[in-house]
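For reference, the chains in residue letters:
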Amino acid sequence: MSGSLSTSAGAAKGATTMGDRPADVRVRDFKEVDTGLSADEAIAEAERCLQCKKPLCVKGCPVCIDIPAFIREVAEGDFPGAARTLKEQNMLPAICGRVCPQETQCEGACVLGIKETPIRIGALERFVADWERQNGAELPKTARPTGKRVAVVGSGPAGLTAAAELARAGHAVTIFESLHEAGGVLTYGIPAFRLPKDVVKAEINQVLALDVRLKKNYLVGRSVSVDELLGYDAVFLATGAGLPAFMGIPGENLNGVYSANEFLTRVNLMHADAFPEFDTPVLHGGRVAVIGGGNVAMDAARVARRMGAKVFLVYRRREEDMPARRVEVLHAKEEEIEFLTCANPTRILGEGCVSGLECVKMSLCDLDASGRPSPEPIPGSEFTLDVDMVIQAIGTSPNPLLVSLIPGLKRGRRGNVVVDENGRTSIPHVYAGGDIATGAATVIEAMGSAKRAAAAINAMLREE
Amino acid sequence: MKRLYKVELATKLADRVYEYWIHAPQVAHHARAGQFLILRLHETGERIPLTISAVRGDAVRVIFMAVGKTTQELATLRAGDSIKDVAGPLGKPSEIGKYGTCCVIGGGVGIASTPLIAKELKEAGNHVIGIIGARSADLLILEDEMRAICDELYITTDDGSKGVHGFASDVLKGLLNERTINRVWIIGPAIMMKVTSGVTVPYGVKTYVSLNPIMVDGTGMCGSCRVTVGGETKFACVDGPEFDAHQVDFAELMQRQRIYTSQEKVLLERFAEHQCRCGEGGHHHG
């Protein structure tokens, strides 16, 4: 994320919560928090757009949506046209409209933001996509079959985006997914109150309707050999950054300590919140500490809250340094998540099960290389938080499994696949995008890198 | 949609112990000794790991004890029924090599894992000794299969109803005193692996155990299956499931296996009630 001060200042304007269900109501279920715009509201919002000749918003969009065009179409009430414009560049608009950090992208660049509030581009994108889903979606045209076979590994945002682009170019695309559901982080990671699962399914089905084959329960490298994979005319690796990091503090393997990935997967993918109607259990903490300050930390905290817990969010820097979207922070606070900032866990206490979290206060004086204050523990300031569950949301790193099995595939220091600006790896017909190439980033950045790689794959396959 | 994961054969081997052959080509074609699969019975089901016990054509064999809700429910399926999801093979294969004399030990339903390991060790040119043990003779499984693979096979029962009256660890101790054993594999309940692997410590024999912690995805994404090996946290699903027995923190493994004991009880009670209501408690296998 960019400089903390500018982000939070811009965000305060961008992060509107006006369509939200009241916090005391929404914490009792997993239904969507933001109810979205009505058609009239969407048109009124679209009419505010200045239709800039040199639109800065488009420059702020990682997938280069023609934002003024789709907004003009909304203003004119031409919702099908707006949907068409969106899907020219982005096959997952209902998802992006909900989870993109618009405040640092399109909306952050909107000139209206200088004097008043920027156009709510994300809300408009979501409105158009939702309208289309409810009124019958139109499939984009695909080119004539080229006879080329492309394997896409992973069905998260990068994999789906690349698959759609490649299928539209006429290639025979097969997506391999190791889980029993497609969607990657959209399915197992982001909770339904932020991204309803029927929305995810509908947009995945749109991609599959372009004649994309989806093979679930296939872990490439295990269920599909590397040789078989490399036998495709082109390969796009989008296996994500799913490997959860743990802090490495004492007590980490006590019962009641989760990675955010595990906690969220149990609830979002396996529906442990509906146990015992669903067979997968998850512990219900009475008092839960979530460690971290990113979107995943906010998601984990808000899920735990919905399961009835009193939730503490422990973050080692200041609130304004949190990498989470501003609106997620606002939502979490509205839902009575208690923020303990400038505090770092040192030890998880308990015999067998968690009984507390020992933390130390952090002093924040000097700015580090990222422009954020470098947190230093204050000696003697240890305190104990009375909790029975701890969720660590301190980041994830690239999935090592497949990429470590491909001989000659160059990897970076953090385990990521090394790619050029077009997603090319060290193996000629193998490309990579999304978190496996960049390290943990946003949905839309993954999609942007997937689009560039798909364009490069298309160019390569045309030349052959 | 094509229903892929059909049960081809369902057999009851012993009290609460079942042998299932499941059509899962992508698993069967790539499975190696020591690996496992994850299955999910239906839309509301849980993902559970099961060791791959054998492979034939497009089918894989799993052998399990019906103790939890999912395994009990699995045991109600008959040939022709389908399983919603099967993913695999998962985990690292066993470290097969030419070591000399190898001992492969299975305890209870853990015997299920031994034929593939013994077979691959044999094919690699080792002298393979099998030790299979159960509480009593009627719970002993895969005896004929192991006898056909191993150069020598020892049988133990806790109650003396067959073979040596005692534990696999007793036989292993005797063998270690008599001759050189270069590698040992032990697969069984955590407590049995802990005790049995303790026997090889003074002899300095490299010993592998196959750990069975709770898993969700089985691909390294959640960390549910984390175990401490040599003071380091490892994920059993991708770093294992086999580890150097002498480095494993068994107490922690056993503690983590109990995380959901009370939830499991709720599921079992509901399942028993459901079985009663539907009158489906008495499927015949065999």
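Preceding this paragraph is the structure being described.
Report follows, based on the coordinates. The structure displayed is predicted, hence computed values, not measured ones.

All right, on to the overall build of chain A then. Tallying secondary structure elements over chain A gives 20 helices and 16 strands in all. Radius of gyration (C-alpha) of chain A: 22 Å, near the 23 Å computed for a compact globule of 464 residues. When the 464 residues of chain A are sorted by exposure, 60% land in the buried category. Considering only contacts within chain A whose residues lie at least 6 apart along the sequence, 70% involve residues at least 24 apart. Accessible area for chain A stands at about 18000 Å²; split by element, carbon and sulfur atoms hold 51% of it. Side-chain charges of chain A comprise 52 positive and 58 negative groups, with the mean position of each set lying 3 Å from the other.

Here we come to the overall build of chain B. When helices and strands are counted, chain B shows nine helices and 17 strands. Taken over the C-alpha trace, chain B has a radius of gyration of 18 Å; the compact-globule value for 286 residues is 19 Å, and the two agree within 12%. Dimensions of chain B along its principal axes, counting C-alpha atoms only, are 55 × 40 × 35 Å. Per-residue burial over chain B gives 58% buried out of 286 residues. Contacts in chain B between residues far apart in sequence, at least 24 positions, make up 65% of those at least 6 positions apart. Entry remark: accessible area of chain B is about 11500 Å², with carbon and sulfur atoms responsible for 50%. Averaged over its 32 positive side-chain charges, chain B has a centre that lies 2 Å from the centre of its 33 negative ones.

What follows is about the sheet that holds strand β3 (residues 36-40) of chain B. Residues and elements named next belong to chain B. With antiparallel pairing, three strands are arranged side by side in an open sheet as β4-β3-β8. Every other strand in the sheet has two partners, leaving β4 (48-51) and β8 (85-90) as the edge strands with one partner each. Each strand of the sheet is rotated relative to its neighbour by a mean of 25°, with strand direction disregarded. Across four bridges, the pairing between β3 and β8 is antiparallel. Considered in β8, the bridge of F36 is made with L90.

Quick look at the pattern of salt bridges now. If you walk through the whole model with that rule in mind, you get 44 salt bridges over all chains. With its nearest N and O atoms 3.6 Å apart, the salt bridge here joins E277(A) to R270(B). Taken together, the residues span two chains, with E277(A) in the loop between α15 (260-269) and β7 (287-291) and R270(B) in helix α9 (residues 261-278). Judged by relative accessible area, E277(A) falls into the partly exposed class, the value being 49%.

All names here are of chain B. Among the six residues in strand β11 (residues 152-157), five count as buried, and that is most of the element. Here strand β10 (residues 127-134) runs beside β11; their pairing, made up of six bridges, is parallel. For A134, the partnering residue across the bridge sits in β11 and is T157. Read from β10 through helix α4 (residues 143-149) to β11, the crossover connection turns out right-handed.

Listed as interface residues are 42 residues of chain A and, on the opposing side, 47 residues of chain B. Summing both partners gives a buried area of about 3700 Å² for chain A against chain B, and 53% of it is carried by carbon and sulfur. The largest contributions to the chain A side of the interface with chain B come from R222(A), N253(A) and D279(A), which together make up 21% of the buried area. One can count two salt bridges joining chain A with chain B. A salt bridge links K69(B) to D279(A); the shortest N-O distance between them is 2.8 Å. The interface formed by chain A and chain B holds 22 residue pairs in polar contact (both at pLDDT 80 or more) in total. Where the side of chain A that touches chain B is concerned, the elements lending two or more residues are β5 (243-244), β6 (257-259) and α15 of chain A.

What follows concerns the nonpolar core. Formed by 69 residues in total, the largest nonpolar core has its most connected members in I67(A), F70(A), I71(A), V74(A), L124(A) and F236(A). Element by element, the count of residues in this core is highest for helix α20 (residues 443-463) of chain A, at 11 residues. Every residue in contact with I71(A), bar those within four places of it in the chain, is listed here: A46(A), C49(A), Q51(A), I119(A), I121(A) and L124(A). Counting 52 residues, the second-largest nonpolar core is a separate cluster that includes A10(B), I48(B), I141(B) and L142(B).

All names here are of chain B. If you walk across this open sheet you meet the five strands as β5-β6-β2-β1-β7, and the pairing is antiparallel. Each edge of the open sheet carries a strand with a single partner, namely β5 (54-56) and β7 (82-83). Inspection of the sheet shows strand β1 (residues 5-14) paired to strand β2 (residues 17-23) by six bridges, in the antiparallel sense. Its bridge partner lying in β2, T11 is registered against E19.

Turning our eyes to something else, we now look at helix α3 (residues 114-123) of chain B. Residues and elements named next belong to chain B. Burial of α3 is extensive: seven of the 10 residues sit out of reach of the surface. Those residues of α3 that fall on the buried side of the exposure criterion are T114, P115, L116, I117, A118, E120 and L121. With its phi angle positive at about 95°, G125 sits one or two positions after the end of α3.

The subject of this paragraph is the environment of D420(A). Residue and element names in this part refer to chain A. Here D420 lies in the loop between α18 (400-405) and β16 (430-432). Residues D420 and A453, spaced 33 residues apart in sequence, show a C-alpha to C-alpha distance of 9.4 Å. A polar contact of 2.9 Å, which involves the side chain of D420, links it to the backbone nitrogen of R424.

What follows is about empty space enclosed by the protein. Residues and elements named next belong to chain A. In this structure the tally under the stated criterion is four cavities of 30 Å³ or more. Reported here for the second largest cavity is a volume of approximately 130 Å³. The wall of the second largest cavity is formed by 16 residues, among which C49, C52, C57, C110 and V111 lie closest to the centre. Those elements that place two or more of their residues in the lining of the second largest cavity are α4 (56-59) and α5 (67-75).

About the thresholds
Residues numbered from 1 in each chain as written. Chains lettered and ligands numbered in written order. Predicted model: local features only at pLDDT ≥ 70, side-chain atom pairs only at ≥ 80, totals over all residues. Heavy atoms only, no water. Helix = DSSP H or I, 4+ residues; strand = E, 2+ residues; numbered from the N terminus. Rg over C-alpha atoms; globule rule 2.2 N^0.38 Å. Buried < 20%, exposed > 50% of the residue type's maximum accessible area, 1.4 Å probe, protein only. Contact = heavy atoms within 4.5 Å. Areas by Shrake-Rupley, 256 points an atom, 1.4 Å probe, with all protein chains shown as cover. Lys, Arg positive; Asp, Glu negative; His and termini not counted. Charge placed at Lys NZ, Arg CZ, Asp CG, Glu CD. Pairing = 2+ DSSP bridges. Axes fitted to C-alpha atoms, helices over the stretch in contact; angles between N-to-C directions. Salt bridge = Lys/Arg side-chain N within 4 Å of Asp/Glu carboxyl O. Right-handed = clockwise from strand over helix to strand, strands pointing away. Buried area = accessible area lost by both parts, 1.4 Å probe. Polar contact = N/O pair within 3.5 Å; in protein donor to acceptor, adjacent residues only side chain to side chain. Core = buried A, V, L, I, M, F, W, Y, C linked by side-chain atoms within 4.5 Å. 1 Å grid on protein atoms, 1.4 Å probe; cavity = no way out; pocket = protein on both sides within 12 Å on 5 of 7 lines; lining within 4 Å. Points joined across faces, edges and corners; volume = space filled by probe spheres on them.

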